[in-house]
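Survey of secondary and tertiary structure
The residues making up each chain are set out below.
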Amino acid sequence: MNATPEKADDLIVVGKIFSVHGVRGEVKVFSFTDPIENLLDYPRWTLRHEGKVKQVELVNGRGSAKGLVVKLKGLDDREEARLLSGFEICIPRSLLPNLAADEYYWYQLVGLKVINQDEQLFGTIDHLLETGANDVMVVKPCAGSLDDRERLLPYTAQCVLDIDLEAGVMRVEWDADF
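With an unreviewed UniProt entry as reference, the protein is termed Ribosome maturation factor RimM, source organism Pseudomonas fakonensis. Comment text from UniProt for the protein, heading Function (unreviewed entry), reads "An accessory protein needed during the final step in the assembly of 30S ribosomal subunit, possibly for assembly of the head region. Essential for efficient processing of 16S rRNA. May be needed both before and after RbfA during the maturation of 16S rRNA. It has affinity for free ribosomal 30S subunits but not for 70S ribosomes." Under the UniProt heading Sequence similarities (unreviewed entry), the note attached to the protein is "Belongs to the RimM family."

A separate point is the overall build of the protein. Each helix and strand counted, the protein has two helices and twelve strands in total. For the protein, the N- to C-terminal ordering of α and β elements is β-β-β-β-β-α-β-α-β-β-β-β-β-β. Overall size of the protein, expressed as C-alpha extent along the three principal axes, is 60 × 35 × 30 Å. Buried residues in the protein amount to 35% of all 178 residues. Long-range contacts, defined here as pairs at least 24 residues apart, represent 50% of the contacts in the protein between residues at least 6 apart. Accessible surface for the protein amounts to roughly 10400 Å². Of this, 50% is attributable to carbon and sulfur atoms. On the protein, the mean spot of the 20 positive side-chain charges and the mean spot of the 30 negative ones are 11 Å from each other.

A separate point is the side chain of R151. As for its position among the elements, R151 is in strand β10 (residues 151–154). A distance of 2.9 Å separates a polar atom in the side chain of R151 from a polar atom in the side chain of D147.

In this section: the layout of surface pockets. Estimated volume of the largest pocket: approximately 1000 Å³. In terms of lining residues, the largest pocket is bounded by 28 residues, among which F32, T33, D34, Y105 and W106 are the most central. For the lining of the largest pocket, the secondary-structure elements that each account for two or more residues are β1 (11–21), β2 (26–31), α2 (106–109) and β8 (121–130). Take the lining of the largest pocket: its biggest share by element is four residues, from β8. Considering only residue class, the lining of the largest pocket consists of 17 nonpolar, four polar and seven charged.

Turning our eyes to something else, we now look at the pairing of strand β5 (residues 67–72). Counting buried residues along β5, six of its six residues qualify, which places the element largely inside the surrounding structure. Here β2 pairs with β5 via three bridges, running antiparallel. The partner of K28 across the bridge, within β5, is V69. Sheet analysis places strand β4 (residues 52–64) next to β5, joined by six bridges and oriented antiparallel. By the bridge assignment, N60 is partnered in β5 with K71. Following β4, the chain reverses through two residues before pairing antiparallel with β5.

On to the UniProt feature "domain: RimM N-terminal" (unreviewed entry) in the protein, then. In the numbering adopted here, UniProt assigns the feature "domain: RimM N-terminal" (unreviewed entry) to residues 13–94. For residues 13–94, the end-to-end C-alpha separation is 13 Å, with 6% helix and 55% strand making up the annotated structure.

What follows is about the sheet that holds strand β12 (residues 169–172). The mixed open sheet is built from six strands, whose spatial order is β10-β9-β8-β7-β12-β11. Pairing within the sheet leaves two strands with one partner each, and these edge strands are β10 and β11 (160–164). Across this sheet, the average inter-strand angle for adjacent strands is 35°, counted without regard to direction. Alignment of strand β7 (residues 113–116) against β8, held across three bridges, turns out to be antiparallel. Residue pairing in the sheet places K113 in a bridge with T124 of β8.

What counts, and where the lines are drawn
Residues numbered from 1 in each chain as written. Predicted model: local features only at pLDDT ≥ 70, side-chain atom pairs only at ≥ 80, totals over all residues. Heavy atoms only, no water. UniProt positions renumbered as here; feature names shortened; annotations may be inferred. Helix = DSSP H or I, 4+ residues; strand = E, 2+ residues; numbered from the N terminus. Buried < 20%, exposed > 50% of the residue type's maximum accessible area, 1.4 Å probe, protein only. Contact = heavy atoms within 4.5 Å. Areas by Shrake-Rupley, 256 points an atom, 1.4 Å probe, with all protein chains shown as cover. Lys, Arg positive; Asp, Glu negative; His and termini not counted. Charge placed at Lys NZ, Arg CZ, Asp CG, Glu CD. Polar contact = N/O pair within 3.5 Å; in protein donor to acceptor, adjacent residues only side chain to side chain. 1 Å grid on protein atoms, 1.4 Å probe; cavity = no way out; pocket = protein on both sides within 12 Å on 5 of 7 lines; lining within 4 Å. Points joined across faces, edges and corners; volume = space filled by probe spheres on them. Nonpolar A, V, L, I, M, F, W, Y, C, P; charged D, E, K, R; others polar. Pairing = 2+ DSSP bridges. Axes fitted to C-alpha atoms, helices over the stretch in contact; angles between N-to-C directions.

Following this line, the structure appears as structure tokens:
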């Protein structure tokens with residue numbers, strides 16, 4: 001394991017180590033990628049937790065009932081592996097595949113101001129949820145918001161009218177009374 005991290009502002013969280021697996025130093029990982037196995041496409045990870053940062057190299061990994069089981073280079077001891085529980089798995093944003101012009105990664109949407117067709121500011125996107133039918137944006141109030149309500153808005157073509165990443169704004173078709 002290497003101690004030289006990537007630049008912090010270039011990193012995106014793509015998973016989290018949540019437990020150990022077996023006695024040979026493997027760890028259980030929850031992947032934020034879709035499909036979850038895509039996390040294994042990135043051979044070098046930056047791990048972060050409570051101010052600690054480590055560089056690690058992936059040896060191999062496989063799917064399990066609750067996520068992935070991963071072997072990291074130089075990690076052969078269960079107790080040493082236990083110390084990695086809670087670490088976020090990060091990669092440089094530059095490694096993410098390019099998307100079509102009308103597609104966005106969730107991290108790009110977080111923080112956008114959400115304004116409806118009547119120019120009412122609902123708040124900012126705090127995070128997104130995967131529900132099965134469609135993704136849902138959790139919009140929390142901010143300075144200048146219409147009210148102090150948290151809103152759950154569907155991330156669908158019917159709701160989202162326009163996204164302007166440079167301006168930091170998403171326009172939606174949504175009645176403020178909902």
